[in-house]
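Chain and residue survey
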Amino acid sequence: MCSTVADKVYTIVDRFRDTPGSLIPILHAIQEEYGYLSRDVQAMVASELGISPAKVHGVVSFYSFFTEQAKGEHEIGVCMGTACYVRGAADVLEAFQNQLHIRAGETTSDQRFTIGMTRCIGACGLAPVVTINDDVYGRLAPDRVPELIEKYRRQ
Amino acid sequence: MYRAHVLVCAGAGCVSSRSRDVRDELVKILGERDISEEVRVIETGCIGTCDLGPVMIVYPEGVFYQKLGLGDVAQIVDEHLIRGRVVERLLYRAPLTEIVTEKMRDLEFFRRQYRIALRNTGVIDPESIEEYIARDGYMALGTVLDGMTPDQVIQEITASGLRGRGGGGFPTGRKWDFAAQAPVGQKYVVCNADEGDPGAFMDRSIIEGDPHSIIEAMAIAGYAIGADQGYVYVRAEYPLAVERFQLALQQAREYGFLGSAILGTDFHFDLDVRVGAGAFVCGEETALLNSIEGNRGEPRPRPPFPAVAGLWGRPTIINNVETYANVPPIIQHGAKWFSKIGTEASRGTKVFAMAGNINNTGLVEVPMGTTLRELIYDIGGGIPGNKRFKAAQTGGPSGGCLTEDHLDTPMDYDTLLELGSMMGSGGLIVMDEDTCMVDIARFFLDFTRDESCGKCNPCRIGTTRMLSILERLVSGEGQQGDIEELEDLAVFIQETSLCGLGQSAPNPVLSTLKNFRSEYEAHIRERRCPAGHCRALISYTIVAETCIGCGICARHCPSNAIVGERRNPYSIVTELCTKCGVCLQECPVQAIQKR
């Protein structure tokens, strides 16, 4: 592990050291920085906090927000809440999968796109909703999917 | 002194509809016309009319503009704000009657509401503590610290009849009393903002639109039970809520409403935010406590209840966001006032998040006991496309559905339970005739199976078994005896699961079976989906007599499954058809038949 990563991790751990129940806030902060939580990073956090790597990995694998793999440059999240599902989210998901030739949970081989399914993001009035990175697209019909992908491909 | 105030909704729904750009454009044009000093622009929390966003309300008149684009802003400034003429084309037009409404207070959507929990959302700037204070904010905390004993506070809450708005409906005053009775020592106050029920977004709106009301209520709760520390557990899916709440905390500390010696008394109380990490089960109170402690969010067996042994083993009360939002008004106006609203056993109001196949989606707050018909037709404006109402799902994955027969029953905790559903957090998903109830049951079981934490077998294995049967049904491979097996499994899972997630997971199946049993039977016996939704059970054909041979369907078909020659009837190659339904949408003469 290169030392700059280690330094960063130590800084983050130190920032939360006095916070009760610090493990989850620490993992959030590290993932925010690096996009994912590698096994090495998990082991570093464990030894810093004086807990077992198994405990850290138990928490990482329990919560769907934590990921052990690097995600693509653009993260597509198709909302699978009830309101979105009733208004056709499954068709929208299918359109993304067909366009990018990957399944939900996978990343394209050029590392540009990852498709995910998200839980209700609470924008039910605009169902079906898709998030791409921090942007939210409401009332998304499947036929708008190609132009959206093109927009992010050009970025 | 400003001569006009313009409120721009910055709720999550409107922000997704680019309301921020509309606000920026407004500020820019006001500057260009040199009237920035006369017109004040305020960003508010969710106003509630999510599908009409971005929306803007111009005061003093209270004119409600909706579905605004960037190009509309200049016209509002020039016509309305400069010349005083209302821009009619941007007003709300009712979907069925075409009636145009000018003022916000005259809209049917708002007229029937009674706002207690949402009293400030959509009205004040959530990022300004001054605006909260101007609306009597922190008055209740002052009243409590200035002469009420903790016991009196609990008595007031108990007398109001307030019940938990997050699901179970447990009396709030009693919960506080349990924690107050626990021996003196470290105690905690927790706010459950892990709003996981898909389709419910009232907690998000309250935190984003009126964060100080939660801070004030939690401080009051802390005083009542003798706690000096609180935690707000917010879903990771709600970044804006986290940001606004953090800001509110900072302001409250600066103003002396949090921290040590609050309002000059010897009462100390502070709050911290904990962000969830995407686990539905953490909405269950004991799992939530484990998550705050930094562990896997697995539930704990109860008893001991959190009021006795909660966070880090200490007495803890956990209430939902909407429950807390009701506390300051109860203290301010008295338990008597509150208990006059609603029904005998369900006092006060309830916020419902209406979504799905309904014209006016959004958040509404109505007195308990309002009927489903009033909600869907009077406030919600009915079903789009003149389709028929089929069912409304309440209580999310733990709840059940209400049907046409239930349209006139009052919505309160006990009536909903009797009907095999539950209030839950107030999500109300409306479904029209095209919705397959077997597939909806499958959808919810897929959700609970995925979110089961795996700690206890009945939930982990049982939901997997139920899901595989439901998947069989929707893919046309149902077998005789499947319904009976679903029922057996449901009872078994309900009776033996450790926590509320498992105990309630079978509810959507039992409820749809009770109300729509014939649809299950049609899937098994006739290999037919009566709603025409399940792809494996439907087929598309072209009626040769109606087809004019235009070829539009063939051009749009993504799998090249439609063949034929122009000016002659086309036909669909069944083996290639993916049943996407594009041909049905595109055909100009309705020659495509779905069976």
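Residues numbered from 1 in each chain as written. Chains lettered and ligands numbered in written order. Predicted model: local features only at pLDDT ≥ 70, side-chain atom pairs only at ≥ 80, totals over all residues. Heavy atoms only, no water.

1. Thoughts on the interface of chain B and chain A
Opposite the 52 residues of chain B that make contact, chain A presents 36 residues. Between chain B and chain A, a total of about 3400 Å² is buried, with carbon and sulfur atoms accounting for 56% of that surface. On the chain B side of the contact with chain A, A277(B), R296(B) and F443(B) bury the most area, a combined 17% of that side's loss. On the surface where chain B and chain A come into contact, there are four salt bridges. The partner of E451(B) in a salt bridge is R119(A), and the shortest N-O contact between them spans 2.6 Å. Between the two partners, chain B and chain A, sit 24 residue pairs in polar contact (both at pLDDT 80 or more). Elements with a minimum of two residues in the side of chain B that touches chain A: helix 1 (12-16), strand 8 (229-234), strand 9 (270-275), helix 12 (285-292), strand 11 (349-356), strand 15 (427-432) and helix 17 (437-451) of chain B. For the side of chain B that touches chain A, the element with the most residues is helix 17 of chain B, which contributes eight residues. For the side of chain B that touches chain A, the per-class residue count stands at 24 nonpolar, 14 polar and 14 charged. (Contact = heavy atoms within 4.5 Å. Buried area = accessible area lost by both parts, 1.4 Å probe. Salt bridge = Lys/Arg side-chain N within 4 Å of Asp/Glu carboxyl O. Polar contact = N/O pair within 3.5 Å; in protein donor to acceptor, adjacent residues only side chain to side chain. Helix = DSSP H or I, 4+ residues; strand = E, 2+ residues; numbered from the N terminus. Nonpolar A, V, L, I, M, F, W, Y, C, P; charged D, E, K, R; others polar.)

2. Topic: unusual backbone geometry
Backbone torsion omega between A127(A) and P128(A) reads -5°, so that peptide bond is classified as cis. Inspection of the secondary structure assignment puts P128(A) in the loop between strand 2 (113-118) and strand 3 (130-132). At K579(B), a position not held by glycine, the phi torsion is positive, near 60°. With relative accessibility at 21%, the residue K579(B) sits in the partly exposed group. (Buried < 20%, exposed > 50% of the residue type's maximum accessible area, 1.4 Å probe, protein only.)

3. Looking at helix 13 (residues 321-333) of chain B
Residues spaced three or four apart along an α-helix face the same direction, because each turn holds 3.6 residues. All names here are of chain B. Counting buried residues in helix 13 gives eleven out of 13 residues, a clear majority hidden from the surface. Within helix 13, burial applies to V321, E322, T323, Y324, A325, N326, V327, P328, P329, I330 and I331. Backbone nitrogen of E322 and a side-chain oxygen of the N-cap are separated by 2.8 Å at the start of helix 13; the cap is N320. Just downstream of helix 13, G334 is the residue with a positive phi angle, here 95°.

4. Topic: the confidence of the model for chain A
Looking at chain A, pLDDT values average 92 and 98% of them are 70 or higher. Model confidence for chain A, summarised as mean pLDDT per element, is weakest for helix 5 (residues 82-86) of chain A at 88 and strongest for helix 4 (residues 53-62) of chain A at 96. (pLDDT = per-residue confidence, 0-100.)

5. Observations concerning the domain arrangement of chain A
Domain boundaries in chain A define domain 1 (3-62) and domain 2 (74-153). Here domain 1 of chain A and domain 2 of chain A have C-alpha centroids that lie 30 Å from each other. (Domains from an automatic or database assignment.)

6. Observations regarding the environment of G125(A)
Turning to its location among the elements, G125(A) is positioned in the loop between strand 2 and strand 3. C-alpha of G125(A) to C-alpha of C84(A): the two residues are 41 residues apart in sequence and 9.0 Å apart in space. Apart from residues no more than four positions distant in its own chain, G125(A) is found in contact with R87(A), R139(A), C50(B), D51(B) and T361(B).

7. Side note on the confidence of the model for chain B
For any part of a model where pLDDT is low, the fine detail of the predicted coordinates should not be relied upon. On average, residues of chain B score 94 in pLDDT, and 100% of them reach the 70 mark or higher. Overall fold confidence for the complex sits at a pTM of 0.91, while the interface term, ipTM, reaches 0.89.

8. Points about the domain arrangement of chain B
With domains assigned, chain B is organised as domain 1 (4-110), domain 2 (129-338), domain 3 (349-432), domain 4 (437-525) and domain 5 (539-594). Domain 4 of chain B and domain 5 of chain B are separated by 36 Å when their C-alpha centres are compared.

9. Here's the deal with the sheet that holds strand 12 (residues 362-367) of chain B
Residues and elements named next belong to chain B. Strand order in the open sheet formed by five strands is 12-11-15-13-14, with mixed pairing between adjacent strands. Sheet topology places strand 12 and strand 14 (400-403) at the edges, where each strand pairs with a single neighbour. Strand-to-strand, the axes of this sheet are offset by a mean angle of 30°, without reference to chain direction. One ladder, built from four bridges, connects strand 13 (residues 389-394) with strand 14; its direction is antiparallel. Bridged to A391 within strand 14 is T403. Sheet contacts for helix 9 (residues 202-209): strand 11, strand 12 and strand 15; angle to strand 11, the most-contacted strand, approximately 115°. Sheet strands touched by helix 17: strand 13, strand 14 and strand 15. Its angle to strand 13, the strand with the most contacts, is close to 15°. (Pairing = 2+ DSSP bridges. Axes fitted to C-alpha atoms, helices over the stretch in contact; angles between N-to-C directions.)

10. Remarks on the packing of helix 2 (residues 19-32) of chain B against helix 3 (residues 70-82) of chain B
Residues and elements named next belong to chain B. Where helix 2 meets helix 3, the closest approach of the two axes is 9 Å, and the angle between their N-to-C directions is 45°. Here helix 3 runs oblique to helix 2, going by the angle between their axes. The two elements helix 2 and helix 3 meet at a crossing, and its hand is right-handed. Residues D21, V22, E25, L26, I29 and L30 of helix 2 form the contact with helix 3, whose own contacting residues are L70, V73, A74, V77 and L81. When grouped by side-chain class, the residues that make up the contact of helix 2 with helix 3 number nine nonpolar, no polar and two charged. (Parallel < 35°, antiparallel > 145°, perpendicular 65-115°, else oblique. Left-handed = near helix turned anticlockwise from the far one by under 90°.)

11. Details of the pattern of salt bridges
Residues and elements named next belong to chain A. The final tally for this structure, using the stated rule, is 49 salt bridges over all chains. R153 serves as the salt-bridge partner of E150, at 3.9 Å between the closest nitrogen and oxygen. Here R153 and E150 lie together in helix 7 (residues 145-153), a separation of three residues that amounts to about one turn. You can call E150 partly exposed: its relative accessible area is 35%.

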